[in-house]
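Notes for the structure review
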Amino acid sequence: MIKLHSLGFPKIGKNREWKKAIESYWSGNISLEKLEKLGKELRLNNWQLQNNSGLDYVPVGDFNYYDHILNASLTLGVIPSRFSSIDRKNITLDDMFLMARGRSARGIEESASEMTKWFDTNYHYIVPEFTKNQKFELSFSSLFDEVAEAHKAGFKAKPVFIGPVSYLWLGKVKGDDFDKLSLLKPLLNVYQEILSKLLAQGVEWIELDEPILSMELDENWQEAIKDAYSAFNESGAGKNILLANYFDKLGENRDLAISLPVGGLHLDLIKGKSDFSYVEQKLAKDKILSAGIVDGGNIWINDIAASVEMLRGAYLRRGQNLWLAPSCSLLHVPVDATLEEKMDSDVKSWLAFSVQKLAELNQIRLGLIDGKGEEFINILKERQEILSVKQASMKVINQQVRGKVAGLDESDYKRKSSFAKRRIQQKDNLNLPLFPTTTIGSFPQTAQIRKYRRLYKSSQMSLVEYENKIKEEIDKVIQKQLKIGLDVLVHGEPERNDMVEYFGEQMAGFAFSTYGWVQSYGSRCVKPPIIYGDISRPNEITIKWSAYAKSKLDANKIVKGMLTGPITMLRWSFVRDDLTQREVALQLALAIKEETLDLEKAGIQIIQIDEPAFREGMPLKNSEWKDYFDWAVGAFQVASSGVRDETQIHTHMCYSEFNDIMDAIAKMDADVISIEASRSGFELIGGLQNFKYPNDIGPGVYDIHSPNVPSTKEMVDLLKKASQLIDHEKLWVNPDCGLKTRNWPEVEKSLENMVQAAKTMRELC
Ligand code: GLN
Ligand code: ZN
């Protein structure tokens, strides 16, 4: 019989019980014992649910109290020396929270571990830190304890753990530089211990994840994979290992993956469909081929007929050595779509969250083993009906939008004149001093603003009342900026709870779930908007706010309009899979372009189009970057290019690493780009040296992620250094990101110092 399994289930629970439990513990409202008890209940519930859904093995090791890579680091004893209070023989959840957050319930504080994006998903993991003489030592026992727990409760456990080579790849070298791969040997020793312990506990299969197989690896890393799995095989564990790749096709790594001496191979057949027939033909028939046939990274129902068709030959050839699973861990999708009572019923019928995806695995299996049986015929009929309604739905297709995208020509991707010409006109039009000062858009989102929004959303406050409150906030923000003496003002974004949701809510083609939460990092969960149909902008979105701010000012004062860019809208949403991303991005771009032009019409002379997600949209394979840049840059150009020469376009990106994407960023041709450059102060210079942006630049001179108020001197020093690398006529002065998470006293003092720093620089030039 074909076996079903999963690479991981969302640990957060249907009602985010997990998040609530952890945060209650952090705020001192429940004890550690209580937290552990709640965690255990959640694990058992999830296993029960997966078992009831027909899985032959339940994943163990996907549950944790912060992040699975942090769990792996603790298991392997990779604990940076600054966390000296941690007793490796007796690691507690408090120790884990200390490493993740920089503080523990016992009052210990240390600098927190770094966090970064998990491949091309919106999940973030805690980065392992390696030093030159890194020791590895089996330390944290949660994996083994949970296997025992699952067995005791009567479930067949399949432990899931990050593979050794991907683990090394994910970590960062601290202190003296060295080749991380030199750590492979000692690391493998601990892995061997882990494997033999698990086998002694009676598990049949151990899943080791090597998602770096989705990337283009150099020879050393490929060799490391070979070495690791040969070593496991030599010690007898090879046949029990299910090696899992996900997030993209194996591509050039496919022969390597096929040749490894392991018991089975899991493929992502959503992103890696093109690997399938090759791997299926070449992989030894006595090995398990686990087909990741339902999408673990997105929320759309599966085309059951197509899946069965795709797998039929493999089933005939491999029989019970074919397994079925989601493409990757279900960590990246919400729990249960049946909870979505408020959603449009058509759109809802197109959604499959985790619970639905497990049911789909059963349906696909049934199609393979009894495709002519009545039960499957009925399943198929129902599914075909839903899919054909979706395909023909007016909600999905807007001919006018399709026509506009098809009608885009070269001129839509270009400003009317070159930057040099625009610059002269903008100078005349804006009349700004050297080192012009501005902010990135948002000002503190106070408890009061959030309260008004809650009242309005729950109909306890009328629209007029709510909008008046927003206007009062804009008045306040304008007054404060005038007093501080900023050159380019903003309205402060008080109307936005979220920079993607706010725009999505006002565009056609977007849906919003009520319970569609997914973990982003730590206890933080996000509810991504859902792009299901063609996108258009029925009405103006931000014009009234920017125009209101402008109306409060003398004619010579400048307000910058604030928009979210097409790539960020796309990346931070669940995107339809029946259209290319390029197409969706262009639809978004056209909607934003309309907003841009309306802002211009309303007399707004500077418009900022934020693209914080630009970098994270880059494909895992370098060879695919060019194509990505082509459409991603194109979408930004379409959104921003329609304006007159004298209208100044800004963009903002929240990071400072541009080495490999500088050409693409330059092609976006924004008149001004603001970037992060201030974190840990002097790294600024390293970043800027490589930052050959042809137009004007605002390297963030103060770190908004910290509550510290930067002094004028610190900022002058940074600006002096910046002007050694960049012509001072091109420099803008601004913080490195929006200020919405900060409080007013900090913000006012910091910005006053910042304005003073700009003044000092003007005197020096
Ligand atoms: N304009 C947004 C803000 O100021 C930009 C946020 C971001 O870059 N993530 O909040
Ligand atoms: Zn930012």
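Further up the page is the structure itself.
Each chain carries its own residue numbering, running from 1 in the written order of its sequence. As a convention, the first chain written is A and the first ligand written is 1, with the rest following in written order. Local features in this predicted model are restricted to residues of pLDDT 70 or higher, and side-chain atom pairs are both shown and tallied only at a pLDDT of 80 or more, whereas totals for entire chains, interfaces and linings draw on every residue. To obtain the side-chain values, all non-hydrogen atoms of the structure were included, while hydrogens and water were left out.

Okay, the site of ligand 1 next. A molecule or strand has a residue near it when one of that residue's heavy atoms lies within 4 Å. What surrounds ligand 1 is the set I440, G441, S442, E493, M499, M562, D610, P612, H652, C654, C737 and G738. D610 places a side-chain nitrogen or oxygen 2.7 Å from a nitrogen atom of ligand 1. Counted by class, the shell around ligand 1 contains six nonpolar, four polar and two charged residues. For the purposes of these results, a polar contact is taken to be a pair of N or O atoms within 3.5 Å, where, inside protein, one atom must be able to donate a hydrogen and its partner to accept one; residues adjacent in sequence count only when each atom of the pair is a side-chain atom. Classification used: nonpolar for Ala, Val, Leu, Ile, Met, Phe, Trp, Tyr, Cys and Pro, charged for Asp, Glu, Lys and Arg, polar for all others including Gly.

Another point: the sheet that holds strand β23 (residues 696-699). A pair of strands is labelled paired if DSSP reports no fewer than 2 bridges between them. Each helix is a run of DSSP H or I of at least 4 residues and each strand a run of E of at least 2, with the numbering of both proceeding from the N terminus. Pairing within the open sheet is parallel, and its six strands lie in the order β13-β18-β20-β21-β22-β23. On the outer flanks of this sheet lie β13 (488-489) and β23, each paired with one strand and no other. Here strand β20 (residues 606-610) pairs with strand β21 (residues 648-653) via five bridges, running parallel. Looking at the pairing, I606 lines up with Q648 of β21. Its contacts with the sheet place helix α22 (residues 581-601) against β18 (558-564), β20 and β21, and it is angled at close to 170 degrees to β18. Pairs of residues are marked as contacts when any of their non-hydrogen atoms sit within 4.5 Å. Helix axes are fitted only over the stretch in contact, all axes being lines through C-alpha atoms; the angle between N-to-C directions runs from 0 to 180 degrees.

For the rest of this paragraph, the subject is the environment of D176. With respect to the helices and strands, D176 occurs in the loop between β7 (172-173) and α7 (184-200). Throughout this description, buried means an accessible area under 20% of the type-specific maximum (1.4 Å probe, protein chains only), exposed means over 50%, and partly exposed covers the range between. On the basis of relative accessible area, D176 is assigned to the exposed category, the value being 55%. For D176 and T131, which are 45 residues apart along the polypeptide, the C-alpha to C-alpha distance reads 7.3 Å.

Let us now look at the packing of helix α18 (residues 463-484) against helix α27 (residues 744-764). With their axes 9 Å apart at the nearest point, α18 and α27 run at an angle of 35 degrees to one another. The crossing of α18 and α27 is right-handed. Counting all contacts with α18, which are made through E473, K476, V477, K480 and I484, the residues of α27 involved are W744, E748, L751, E752 and V755. Taken together, the residues that form the contact of α18 with α27 break down as five nonpolar, no polar and five charged. The crossing is said to be left-handed when, going from far helix to near helix, the turn is anticlockwise and less than a right angle, and right-handed when the turn is clockwise.

At the metal site, the zinc ion (ligand 2) is ligated by H652 (NE2), C654 (SG) and C737 (SG), and these contacts range over 2.1 to 2.2 Å. Donors, by definition, are the N, O and S atoms found within 2.8 Å of a metal, the threshold being 3.2 Å for Na, K and Ca, and water is not counted, so a site can look incomplete. Any coordination sphere not matching a tetrahedral pattern (four donors, all angles between 85 and 135 degrees) or a square planar or octahedral pattern (four or six donors, opposite donors over 155 degrees apart, other angles between 65 and 115) is reported as irregular. Coordination geometry of the zinc ion (ligand 2): the four donor atoms subtend angles of 82 to 126 degrees at the metal centre, consistent with an arrangement described as irregular. Mapping the donors of the zinc ion (ligand 2) onto the primary sequence yields the spacing H-x1-C-x82-C. On the basis of relative accessible area, H652 is assigned to the buried category, the value being 3%.

Salt bridges are identified by distance alone: a Lys or Arg side-chain nitrogen within 4 Å of an Asp or Glu carboxyl oxygen. The final tally for this structure, using the stated rule, is 51 salt bridges. Among the ionic pairs, R423 bridges to D696, the shortest N-O distance being 3.3 Å. Of this pair, R423 sits in helix α16 (residues 419-430) while D696 sits in strand β23, and the two are 273 residues apart along the sequence. You can call D696 buried: its relative accessible area is 6%. Of the charged contacts, one joins R537 and D598 as a salt bridge, the two residues approaching to 2.6 Å between their closest N and O atoms. You can see R537 sitting in the loop between β17 (530-536) and α20 (543-551) and its partner D598 sitting in helix α22, a full 61 residues away along the chain. The residues R537 and D598 share a single accessibility class, namely buried. Counted as one network, the salt bridges with shared partners bring together K404, R537, E594, E595, D598 and K601.

With parallel pairing, the eight strands of this open sheet are ordered in space as β1-β12-β11-β10-β9-β8-β6-β2. Across the chains shown, the open sheet's two edge strands, defined by having one partner strand only, are β1 (3-4) and β2 (58-60). In this structure, β2 lies alongside strand β6 (residues 157-162), joined through three bridges in parallel fashion. From the neighbouring strand, V60 faces β6, where its bridge partner is P159. Contacts from α7 reach β6, β8 (206-209) and β9 (241-244) within the one sheet, and its direction differs from that of β8 by about 155 degrees.

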